[in-house]
Amino acid sequence: MILAFTFWSLSFLIALQSAPTTHPADNTAADMILERSIAARGGREAFAALSHRYFEGKSITNDGRESSDRGLVGRRGGYWYEGSSEQDGLLRSGSDGSTFWAIDGEHHEIYEGEQLDYKQAEAAFDVFVDYEQYFPLRRLMGSAKVNGSECDVIRLTSKSGRLEDWYIDRKTSLVLRVWRQWLVGSRRVQVTCDHLDYRTVDGVKVAHAIVHRSVMPSGLMEMRTEYSVISHTRNKPGEREFALPEAIEQLRSQRAQSQPASSRPSPPRALTR
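Residues numbered from 1 in each chain as written. Predicted model: local features only at pLDDT ≥ 70, side-chain atom pairs only at ≥ 80, totals over all residues. Heavy atoms only, no water.

1. A closer look at the confidence of the model for the protein
Averaged over all residues, the pLDDT of the protein equals 84, while 80% of them reach at least 70. Below a pLDDT of 50 lies the segment residues 1-19, which in the model reaches 90 contacts outside its immediate sequence neighbourhood of four places, other chains included. Low pLDDT (under 50) marks residues 266-273, which in the prediction has 15 contacts with non-local residues, meaning those over four places away or in another chain. (pLDDT = per-residue confidence, 0-100. Contact = heavy atoms within 4.5 Å.)

Set out below in C-alpha cells:
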C-alpha cells in the first residue's frame, strides 16, 4: 500500500530483515493467502468502489526530526504528496500516472528504471490489493513471528526483479510487516516496515501507523508515521491534482530531446477515469 511517503529519509537507510523459516511453495499457495488478506480488509468489491484516497499525518524519527505529510492517491495511477519539516523544508512528489517525480529544494528528479518500478508500487492506491499488477511472481516462503504473531511470509518479485517480503498474520490475515528494497544511486536500500493500527475507513481496513526500521553505522534508525486523516471518495477530483509541475515538464522534455529518436519513450497516455 501507499502509506510511507516521507521519501527524504529513505535515501540513506539500510535495513535489518528477520529471516523467515523457509519452505518455498508455488504461486497458488501464496495467492490463496493474499486473497484471504484482501477479504479480511473488506474485499475486492469494497476497494473497487473507491476511486481516491486522501491522507494527512506526521512522521517522527528516533533522533527527534518531525515532518508533516499529506497527499492524494488515485486508483488509476495519479498521485501527489507534500512533506515538510523545519530541518529539511518542503518536499513534493507525484505522478500523472506515467511520470513519477520529486522536487526537493533545488533538486528535481524523474524516476526511471528500477527506481520507477519501486515508486509505482510504493505510490499505488493499494499495492496489497493490486499485487498481481506489480508483482508477477509470488511465492510462499515459510513462516516467521512479527511482534508475537505467527505470520506466513510471501516473497514477491516485481517486473524488474526487485524483491519484497510480506508477513501476513495467520489469525487476522492482515499484513503486519513488509521488507522491501530499492535502488538509490548505485546501491540498494533495504527498509523494514511494520503496519499497525488497522481501522475501517469507508468499508476497507487501512493501517493508520507505519514504523520504518533500518540500520545505520551509528545504530538503529527508526521512523514512525501516524495518519490522523485517511478518507476515500467515489467522486472524481479534477486532473489538476495530478498534473506535472512546470519544472518537471521541462526536465522531461530535456531528457527526451537528449535521447536518440529510436530510443525515446512513447508519449504518456492520458489517464482514463
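2. Description of helix H1 (residues 27-40)
A rise of 1.5 Å per residue sets the reference length of H1, with its 14 residues, at 20 Å; its end C-alpha atoms lie 20 Å apart and thus fit the reference within 8%. Those residues of H1 not exposed but buried are Ala 30, Asp 31, Ile 33, Leu 34, Ser 37 and Ile 38. On an axial view of H1, the arc spanned by its buried residues comes to 160°, and they lie on one face. Exposed and facing more than 90 degrees away from the buried side of H1 are Thr 28, Met 32 and Ala 39. Phi for Gly 42, located one or two positions after H1, is positive at around 135°. (Helix = DSSP H or I, 4+ residues; strand = E, 2+ residues; numbered from the N terminus. Expected span 1.5 Å × (residues − 1). Buried < 20%, exposed > 50% of the residue type's maximum accessible area, 1.4 Å probe, protein only. Arc of directions from axis to C-beta.)

3. Some remarks on the nonpolar core
Grouped together as the largest cluster of nonpolar side chains are 50 residues, with contacts concentrated most on Val 127, Phe 135, Ile 154 and Trp 166. Sequence-distant contacts of Ile 154, defined by excluding residues within four places in its chain, comprise Ala 30, Ile 33, Leu 34, Arg 138, Arg 139, Leu 140, Glu 164, Asp 165, Trp 166 and Ile 168. (Core = buried A, V, L, I, M, F, W, Y, C linked by side-chain atoms within 4.5 Å.)

4. A short note on the pattern of salt bridges
Throughout the structure, instances matching the rule amount to 21 salt bridges. A salt bridge links Glu 35 to Arg 44, with the shortest nitrogen-to-oxygen separation between them at 2.8 Å. Take Arg 44: its relative accessible area is 36%, and that puts it in the partly exposed class. A salt bridge links Asp 96 to Arg 252, with the shortest nitrogen-to-oxygen separation between them at 3.7 Å. Residue Asp 96 is found in strand E5 (residues 89-96), and its partner Arg 252 is found in helix H5 (residues 246-258); the two are separated by 156 residues along the sequence. We classify Asp 96 as buried; its relative accessible area is 17%. We classify Arg 252 as partly exposed; its relative accessible area is 23%. Sharing partners across several salt bridges, the network here consists of Asp 117, Arg 162, Glu 164 and Arg 180. (Salt bridge = Lys/Arg side-chain N within 4 Å of Asp/Glu carboxyl O.)

5. Details of the packing of aromatic side chains
Here the structure, examined in full by the defined rule, presents three aromatic pairs. Relative to Tyr 227, the ring of Phe 55 lies with its centre 5.6 Å away and its plane at 90°, an arrangement referred to as edge-to-face. Residue Phe 55 is found in strand E2 (residues 52-61), and its partner Tyr 227 is found in strand E14 (residues 219-233); the two are separated by 172 residues along the sequence. The pair Phe 55 / Tyr 227 is uniform in exposure class, with both members buried. On the numbers, 5.8 Å between centres and 85° between planes, the contact of Phe 135 with Trp 166 is edge-to-face. Of the two residues, Phe 135 sits in the loop between helix H4 (131-134) and strand E8 (137-146) while Trp 166 sits in strand E10 (residues 163-169), which places them 31 residues apart along the sequence. Given the relative accessible area of 0%, Phe 135 is considered buried. A relative accessible area of 0% places Trp 166 in the buried class. In this structure an aromatic cluster arises from ring pairing among Phe 128, Phe 135 and Trp 166. The ring of Phe 125 is capped by Arg 53, whose NZ or CZ atom sits 4.7 Å from the centre of that ring. (Phe/Tyr/Trp six-rings, centres within 6.5 Å; stacked < 30°, edge-to-face > 60°. Lys NZ or Arg CZ within 6 Å of the ring centre and 35° of its normal.)

6. Notes on the pairing of strand E4 (residues 78-85)
A large share of E4 lies buried, amounting to six of its eight residues. The sheet contact formed by strand E3 (residues 66-74) and E4 spans six bridges and is antiparallel. Within E4, the residue paired with Gly 71 across the bridge is Tyr 81. Hairpin connection between E3 and E4: a loop of three residues separates the two successive antiparallel strands, and Gly 77 in this loop has a positive phi of roughly 115°. Both E4 and E5 contribute to a ladder of eight bridges, which runs antiparallel. Looking at the pairing, Gly 83 lines up with Leu 91 of E5. What sits between E4 and E5 in their antiparallel hairpin is a turn of three residues. (Pairing = 2+ DSSP bridges.)

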